[in-house]
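# Reading the structure
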Amino acid sequence: MVIGVMGAMPDEIDQLCAGLSDVVKENYGGVTYHIGALAGKTVIACCAGMGKANAAATTQVLITKYGAEKIIFSGIAGNMTRKVTIGDVVIGKTVVYHDAELSMLCQNPPYLKEYAGDPAMIAAAEAACAEAGVHCLVGKIATGDRFVGDTATKNAIAAQCAPDCVEMEGAAVSQIAAKNEVPCVVLRAMSDDADEAGREKLVGTTFSIAGYIATATKIVAGLMARL
């Protein structure tokens, strides 16, 4: 089995790449792909870069060039619900855009306004979270090409689609995976509350996400072991 694992920032995949065996690196289209093995599977891990365009392009490369049979996107996100707190994980049961004209978007393959996480991968991620002692929520993730770091924007997105967290890549990954009929799941560790304090924490100052990524990396490894 070939599994593609993506993050938006180098920190989001570095710890996973360090755990791969027999690693070969290839540069393609401005992205470095780490090809190795973990839990008896071939793993292609990469940092796609931030935003929807980078995520979509890299997903297609993983599928077309590297033959990924399943896609996992792992990273951090802004919390939008009281059901979880900082450090908890949201597993994408559904993934949506909060900044797209959905009635037009769904006129082309895969003809969807929202994208569903693969049930088997969701179940594996839930089990991996339980094993790691991490509280998780299987819920809705919203994607847009904007860092959400103010209360007004947060409230507007909540009114529009009521997501459990907000980020910048997941729906693009899910759309391209669905278009290619490749199972996919998006995992997000909560790093902030998508408000002014979150902007100051992640944008205004130098901030280490190593603690959150250690959690996410452990869950991804546990997920893959169950596939």
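The following refers to the structure shown. What you see is a predicted model; the values in this text were computed from it and never measured.

### Section: the environment of D145
Mapped onto the fold, D145 is located in the loop between β8 (136-143) and α5 (151-161). On the accessibility criterion, D145 (43% relative accessible area) is partly exposed. Between the C-alpha atoms of D145 and A100, which are 45 residues apart in sequence, the distance is 9.8 Å. Here the side chain of D145 touches K52 through a polar contact of 3.0 Å, landing on its backbone nitrogen.

### Examining the packing of aromatic side chains
Under the criterion given, the structure shown has 2 aromatic pairs. Relative to Y66, the ring of Y33 has its centre 4.9 Å away and its plane inclined at 35 degrees; by these criteria the two rings are tilted. Pair noted here: Y33 is in strand β3 (residues 31-38) and Y66 is in the loop between α2 (52-64) and β5 (70-79), with a separation of 33 residues, a long-range link. Considering the side-chain rings of Y97 and Y115, the 6.2 Å spacing of their centres and the 90 degrees angle between planes classify their relative orientation as edge-to-face. A residue pair is termed long-range when its members are at least 10 positions apart, and Y97 in strand β6 (residues 89-97) and Y115 in strand β7 (residues 115-116) qualify at 18 residues. In this pair, the class of Y97 matches that of Y115, namely buried. Its end group placed over the ring of Y28, K65 keeps NZ or CZ at 4.9 Å from the ring centre. If you follow K65 out to its NZ or CZ, it ends over the ring of Y66, 5.5 Å from the centre.

What counts, and where the lines are drawn
Residues numbered from 1 in each chain as written. Predicted model: local features only at pLDDT ≥ 70, side-chain atom pairs only at ≥ 80, totals over all residues. Heavy atoms only, no water. Helix = DSSP H or I, 4+ residues; strand = E, 2+ residues; numbered from the N terminus. Buried < 20%, exposed > 50% of the residue type's maximum accessible area, 1.4 Å probe, protein only. Polar contact = N/O pair within 3.5 Å; in protein donor to acceptor, adjacent residues only side chain to side chain. Phe/Tyr/Trp six-rings, centres within 6.5 Å; stacked < 30°, edge-to-face > 60°. Lys NZ or Arg CZ within 6 Å of the ring centre and 35° of its normal.

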